[in-house]
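Chain by chain, the residues:
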Amino acid sequence: MRILVTGTEGQVDTSLKALGERMGIEVIRIGLPDIDLSKPKTLAEPVRAAKPDVIISSAAYTAVDKAESETALAQAINGDGPGALAKLAAELNVPILHLSTDYVFAGDKDGIYDESDVPAPVSVYGATKLSGETQIAAATDNHVILRTAWVYSPYGNNFVKTMLRLGETRDELNVVADQHGCPTYAPEIARALIAVAQRVVADPDPTLRGVFHLTGQGETTWAGFAEGIFAGSAARGGKAVKVNPIPTEAYPTPAKRPANSRLSGEKLNQSYGLRLDPWETSLDECLTALTGTVAKEG
Ligand SMILES: NC(=O)c1ccc[n+]([C@@H]2O[C@H](COP(=O)([O-])OP(=O)(O)OC[C@H]3O[C@@H](n4cnc5c(N)ncnc54)[C@H](OP(=O)(O)O)[C@@H]3O)[C@@H](O)[C@H]2O)c1
């Protein structure tokens, strides 16, 4: 199977490349400057030339706060670019898997969001990612949209790496404790993407298509996540850092975030028999990869 994925330096495309190499699956990454999702015409030639069996749409404008002031660019990259990519998938008669986000939801639901809940984004980033979902669904039925959340890994920029960096110079950190979500490890996303790709390439079943939620098992807050990071770091000989829980109002950002963006993985489990590992297990794996040391017992 030959997988074509957008993005060359991102957390998910890098994880996918690494896993593909271990599994003997060809993963071709395409990204800037060869293709630019904000210029959809740049997509056609490299996508056709790659002759993929499946296309994975991972690249995105992921700067959530900056998107509030770069709306047109975020819309082009997150909405129109993936739409154009889906049209190419339809032309080549191959499935397209597309990564979307928990930020398509408003965050005011009491319970966990499932795929039947109606999106109502509260940020430009969320709105542009929702536009990507809509444009992909309009271009081809042969799509699998996977909404993930709070992505971290040894690669690129993410919350785990930011916490560890800040913890080097500070003994205490204030972290938001009233936003609830599901941390998700990019290598786990890659594992699921390959499993989904293998299935949809071989099976035309329409119930395998559509929207699915894909997050690490369990839930926490950003403060709970930070505490897990520093506990794991301390268990590897790192410095103890105290996490002070603060409310969202005490950490104003240009983009509003959903207070609750917990996603249920039940549909993915029922359709594909797939579950990601609990976020604590994956965090341990990530810290081992980042520090080169395993946690001491006890
Ligand atoms: N990160 C999260 O917490 C999170 C949460 C929910 C959903 N997601 C979704 O999951 C997917 C993967 O996220 P990630 O964390 O792997 O993202 P990432 O690390 O920020 O990587 C994004 C990739 O997109 C590329 N890119 C940006 N603008 C582009 C353009 N105009 N044309 C082509 N490529 C472009 C970047 O290239 P350069 O590095 O060269 O700029 C980079 O390779 C995205 O669709 C994202 O929306 C992420």
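Reading the values: rules and limits
Within each chain, residue numbers correspond to sequence positions counted from 1 in written order. Note on the predicted model: pLDDT of at least 70 is required for a residue's local features to be given, and 80 or more for side-chain atom pairs to be given and counted; whole-chain, interface and lining totals, by contrast, use all residues. Excluded from the side-chain calculations are hydrogens and water; all other atoms, namely the structure's heavy atoms, are used. UniProt positions are given in the numbering used here, feature names are shortened, and annotations may be inferred rather than shown by experiment. Strands here are runs of E lasting at least two residues and helices are runs of H or I lasting at least four, both read from the DSSP assignment and numbered beginning at the N terminus. Working definition: residue near molecule or strand if any one of its non-hydrogen atoms lies within 4 Å of it. Here a polar contact is recorded for every N or O atom pair within 3.5 Å, except that within protein the pair must consist of a potential hydrogen donor and a potential acceptor, and residues adjacent in sequence are included only if both atoms are side-chain atoms. The protein chains shown are the only cover counted for residues, whose accessible areas, like all others here, come from Shrake-Rupley with a 1.4 Å probe. Grouping buried Ala, Val, Leu, Ile, Met, Phe, Trp, Tyr and Cys residues that are joined through side-chain atoms within 4.5 Å yields what is termed a nonpolar core. Between buried and exposed lies partly exposed: a residue is buried under 20% and exposed over 50% of the maximum accessible area for its type, with that area taken using a 1.4 Å probe on protein chains only. Pairs of residues are marked as contacts when any of their non-hydrogen atoms sit within 4.5 Å. Two strands qualify as a pair provided that DSSP identifies no fewer than 2 bridges between them. Here the axes come from fitting lines to C-alpha atoms, over the contacting stretch only for helices, and the angles between their N-to-C directions go from 0 to 180 degrees. Only rings of Phe, Tyr and Trp enter the pairing, Trp through its six-membered ring, and a pair is recorded when the two centres are within 6.5 Å. The plane angle decides the type: under 30 degrees is stacked, over 60 is edge-to-face, the rest tilted. Expected helix span is taken as 1.5 Å per residue step, with the number of steps being one fewer than the number of residues. Orientation labels follow simple angle bins: below 35 degrees gives roughly parallel, above 145 gives roughly antiparallel, 65 to 115 gives roughly perpendicular, and whatever is left gives oblique. With the far helix as reference, a near helix turned anticlockwise by less than a right angle produces a left-handed crossing, and one turned clockwise produces a right-handed crossing. Asp, Glu, Lys and Arg are counted as charged, while Ala, Val, Leu, Ile, Met, Phe, Trp, Tyr, Cys and Pro are counted as nonpolar; the rest, among them Gly, fall into the polar class.

**Q** Please give an account of the UniProt feature "domain: RmlD-like substrate binding" (unreviewed entry) in the protein that cites residues and values.
**A** With numbering matched to this structure, UniProt assigns "domain: RmlD-like substrate binding" (unreviewed entry) to residues 1-290. Annotated as residues 1-290, this span is 41% helix and 17% strand, and its ends, taken at the C-alpha atoms, are 30 Å apart.

**Q** I'd love a proper account of the site of the ligand, names of residues and values included.
**A** The ligand sits among 26 residues. The nearest are D36, S58, T62, Y125 and K129. Between K129 and the ligand, the recorded distance is 2.7 Å, taken from a side-chain N or O atom to an oxygen atom. In the model, an oxygen atom of the ligand is placed 3.0 Å from a nitrogen or oxygen of the V151 main chain. Burial of the ligand by the protein amounts to 81% of the accessible area it has alone, namely 910 Å². Broken down by secondary-structure element, the contributors of at least two residues to the shell around the ligand are α1 (11-23), β4 (96-101) and α4 (124-139).

**Q** Give a detailed account of the nonpolar core, specifying residues and quantitative values.
**A** Ranked by size, the top nonpolar core spans 50 residues in total, and within it V160, V175, F225 and I229 carry the most contacts. Contributing elements (two or more residues each) for this core: α2 (44-50), α3 (71-92), α4, α5 (159-169), β7 (172-176), α7 (222-234) and α9 (279-291). Residue contributions to this core peak at 7 residues, all from α3. In contact with F225, other than residues within four places in its own chain, are W150, Y152, F159, V160, P183, T220, W279 and L283.

**Q** Would you mind going over the sheet that holds β4 in detail, with residue names and values included?
**A** Strand order in this open sheet of 6 strands is β2-β1-β3-β4-β5-β10, and the pairing throughout is parallel. Edge strands, defined here as strands with exactly one partner in the open sheet, are β2 (26-30) and β10 (210-213). Strand-to-strand twist across the sheet, computed as the mean angle between neighbouring axes with direction ignored, equals 20°. Pairing analysis gives 6 bridges linking β4 to strand β5 (residues 143-148), with the strands arranged parallel. Its bridge partner lying in β5, H98 is registered against I145. Where α1 meets the sheet, its contacts fall on β1 (2-6), β2, β3 (54-57) and β4, and the angle it forms with β2 comes to roughly 155°. Here α4 sits on the sheet and contacts β4 and β5; the angle it forms with β4, its principal contact strand, is near 160°.

**Q** So, the packing of aromatic side chains: which residues are in play, and what are the values?
**A** Counted under the stated rule, the structure contains 10 aromatic pairs. Both rings, one in F212 and one in Y272, keep their centres 5.5 Å apart while their planes meet at 75°; by these two values the pair is edge-to-face. Residue F212 is located in strand β10, and its partner Y272 is located in helix α8 (residues 266-272); the two are separated by 60 residues in the primary sequence. Residue classification places F212 among the buried residues on the basis of a relative accessible area of 0%. Between F225 and W279, the aromatic rings sit 5.6 Å apart at their centres with planes inclined by 80°, giving edge-to-face as the arrangement.

**Q** Outline α1, listing residues and values.
**A** Since the α-helix packs 3.6 residues into each turn, any two residues three or four apart lie on the same face. Over its 13 residues, α1 extends 18 Å from the first C-alpha to the last, a length consistent with the 18 Å expected when each residue adds 1.5 Å. Residues of α1 that are buried: Q11, V12, D13, T14, S15, L16, L19 and G20. At its buried positions, α1 is contacted by β1, β2, β3, β4, β6 (151-152) and α6 (186-202). With its phi angle positive at about 70°, G24 sits one or two positions after the end of α1.

**Q** I'd like a description of the packing of α7 against α9, backed by residues and values.
**A** Running from N to C, α7 and α9 cross one another at 45°; their axes reach a closest spacing of 10 Å. Judged on the interaxial angle alone, α9 and α7 are oblique. The element α7 and its partner α9 pack so that their crossing is right-handed. In contact with G224, F225, G228, I229, G232 and S233 of α7, α9 contributes W279, L283 and L287. Of the residues that constitute the contact of α7 with α9, the class distribution is 5 nonpolar, 4 polar and no charged.

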